[in-house]
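# What the coordinates show
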Amino acid sequence: MRVLLLLLLGSLAWGKPVATPGWVRLVPPVLKDTAAYLTLENRGTTPLRLVGAETEVAQRVSFHRDHREHRHGQEVLGMRPLPHVDIPPGGKVVFRPGGYHLMLEGLKRPLKAGEKVAITLRFQDGTRLKVLLPVEMR
Amino acid sequence: MKKALPFLLLLGLLLLAYFLVPKGGHSFYGTRLLNPKPVDFTLQGPKGPVRLAEVREEVVLLFFGFVHCPDVCPTTLLALKRAYEALPPKAQERVRVIFVSVDPDRDTPEIADQYAKNFHPSFLGLSGSPEAIQEVARTFGVYYQKAQYRGPKEYLVDHTATTFVVQKGKLVLLFSPDKVEATEKVVADLQALL
């Protein structure tokens with residue numbers, strides 16, 4: 001019984017990622033990159049570090065965060081790649097326009113509105129999480 | 001006296017209506033330029049040169065961006081699409097949305113235009129020589145700079161994300177990237193201009 005409890009506690013001490021699907025942005029066929037959005041929650045007790053992602057529809061998936069600065073009194077926007085994304089225990093990271101996004105780089109084919117794109121998220125502790133995101137124009 | 005009563009009632013209602021209806025000009029949500037600045041440029045469209053002064057529509061919304069921009073640019077262009085579609089058809093005929101590429105090395109006029117038209121078929125995409133783009137950017141006070149350079153085709157561009165409203169050749173109104181998303185307020189501003 002005690003062993004079982006310890007095992008249970010041991011398993012609770014992991015980072016546990018839960019994804020709430022968002023969407024993949026529909027882009028014109030001339031474009032070879034697009035953005036994907038979702039919410040990642042850590043329901044575990046240890047920090048989670050998102051270190052990579054893969055999808056069959058793109059050559060590479062990277063993480064970006066929007067970058068804002070003011071020049072001549074106007075807002076200049078850009079984005080910066082992130083080597084990884086940390087999600088604290090009990091916390092969440094929202095990927096949404098104007099904040100974080102997953103960038104699907106080098107699309108192998110044009111995506112269609114309504115189709116579902118499978119993306120596998122890789123965490124540092126070896127956890128993998130597969131998410132299905134619909135392609136939408138928004 | 002009995003005959004006069006309906007007239008008095010009507011007069012009273014009219015007076016009430018007069019005091020209830022807001023008076024004065026429209027209070028703009030976007031940043032109004034106190035001294036509208038004359039602006040003009042000639043860039044390349046998919047069917048040849050396009051001069052701003054020769055655009056048929058009297059109100060032009062200009063947004064500077066680049067095609068390989070999956071997050072910031074579509075957010076604003078989708079906001080402009082929503083605003084444009086919310087205008088009555090008569091007003092739509094007098095408004096034009098133009099996307100100007102600040103990435104002339106990668107975005108040809110055709111690519112810029114295909115990109116713009118993906119958001120709305122009436123939108124126009126323009127590009128041009130690096131010098132021509134630089135000149136237009138200077139006119140509007142637009143900053144753009146390559147960032148995270150990995151190779152001649154692999155880089156990002158930081159750029160001013162303001163939407164510029166030009167009316168009859170003069171820059172009159174600005175929307176910041178946050179403000180442009182408030183469709184109803186943007187539409188009200190555009191209708192006040194028209």
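Just so you know, these numbers come straight off a predicted model, no measurement behind them.

About the cut-offs
- Residues numbered from 1 in each chain as written.
- Chains lettered and ligands numbered in written order.
- Predicted model: local features only at pLDDT ≥ 70, side-chain atom pairs only at ≥ 80, totals over all residues.
- Heavy atoms only, no water.
- Helix = DSSP H or I, 4+ residues; strand = E, 2+ residues; numbered from the N terminus.
- Contact = heavy atoms within 4.5 Å.
- Areas by Shrake-Rupley, 256 points an atom, 1.4 Å probe, with all protein chains shown as cover.
- Lys, Arg positive; Asp, Glu negative; His and termini not counted.
- Charge placed at Lys NZ, Arg CZ, Asp CG, Glu CD.
- Pairing = 2+ DSSP bridges.
- Axes fitted to C-alpha atoms, helices over the stretch in contact; angles between N-to-C directions.
- Phe/Tyr/Trp six-rings, centres within 6.5 Å; stacked < 30°, edge-to-face > 60°.
- Buried < 20%, exposed > 50% of the residue type's maximum accessible area, 1.4 Å probe, protein only.
- Polar contact = N/O pair within 3.5 Å; in protein donor to acceptor, adjacent residues only side chain to side chain.
- Core = buried A, V, L, I, M, F, W, Y, C linked by side-chain atoms within 4.5 Å.
- Buried area = accessible area lost by both parts, 1.4 Å probe.
- Salt bridge = Lys/Arg side-chain N within 4 Å of Asp/Glu carboxyl O.
- Arc of directions from axis to C-beta.

Turning to the overall build of chain A, a few remarks are in order. Looking only at helices and strands, chain A features one helix and 10 strands. Helices and strands appear in chain A in the N-to-C order α-β-β-β-β-β-β-β-β-β-β. Structurally, chain A occupies a C-alpha span of about 60 × 40 × 20 Å along its principal axes. Contacts in chain A between residues far apart in sequence, at least 24 positions, make up 65% of those at least 6 positions apart. Roughly 7,400 Å² of accessible area belongs to chain A as shown, and the carbon and sulfur atoms make up 57% of that amount. Counting 21 positive and 12 negative side-chain charges, chain A places the centres of these two groups 4 Å from one another.

The next thing to look at is the environment of V136 of chain B. Residues and elements named next belong to chain B. As for its position among the elements, V136 is in helix α5 (residues 130-140). Spatially, the C-alpha atoms of V136 and D40 are 8.2 Å apart, while their sequence positions differ by 96 residues. Setting aside residues no more than four positions away along its own chain, V136 makes contact with F41, L43 and F64.

Attention now moves to the sheet that holds strand β4 (residues 59-65) of chain B. All names here are of chain B. Spatial ordering of the open sheet is given by β1-β10-β9-β4-β5-β6, a layout of six strands whose pairing is mixed. Two strands in the sheet have a free side with no partner beyond their single neighbour: β1 (31-38) and β6 (124-126). Pairs of neighbouring strands in the sheet enclose a mean axial angle of 25°, with direction left out of account. Pairing between strand β5 (residues 95-101) and β6: three bridges, direction parallel.

Let us look at the packing of aromatic side chains. Residue and element names in this part refer to chain B. Across all of its chains, the model carries 10 aromatic pairs over all chains by this definition. Ring centres 5.3 Å apart and planes at 80° place the aromatic pair Y115 and F119 in the edge-to-face group. Placement of both Y115 and F119 in helix α4 (residues 109-119) is noted, with a separation of four residues, approximately one turn of the helix. Look at F119 and you get buried, because its relative accessible area is 4%.

Right, let's get into the side chain of E115 of chain A. Residue and element names in this part refer to chain A. Along the polypeptide, E115 turns up in the loop between β8 (100-107) and β9 (116-123). A distance of 2.7 Å separates a polar side-chain atom of E115 from the backbone nitrogen of K112. Among residues more than four places away in sequence, those in contact with E115 are R109, P110, L133, P134 and V135.

With 90 residues, the main nonpolar core has L104, I119 and L121 of chain A together with L62 and F140 of chain B as its most contacted residues. If one sorts the elements of this core by residue count, helix α2 (residues 72-86) of chain B sits on top with eight residues. If sequence neighbours within four positions are ignored, I119 of chain A has contacts with A36, A53, E54, T55, L102, L104, L129, K130, V131 and L133 of chain A.

Across the contact, 30 residues belong to chain B and 33 residues belong to chain A. When chain B packs against chain A, the two sides together hide about 2,600 Å² of surface, and 58% of this comes from carbon and sulfur. Looking at the side of chain B facing chain A, the largest losses of area belong to P70, D71 and Y143 of chain B, adding up to 25% of the total buried there. R60 of chain A is the salt-bridge partner of E154 of chain B, the closest N and O atoms lying 3.3 Å from each other.

Residues and elements named next belong to chain B. For α4, every residue scored as buried is listed here: P109, A112, D113, Y115, A116 and F119. Looking straight down α4, one finds that the buried residues subtend no more than 160° of arc, so they occupy a single side. As for α4, its buried residues are in contact with β2 (42-45), α2, β5 and β6.

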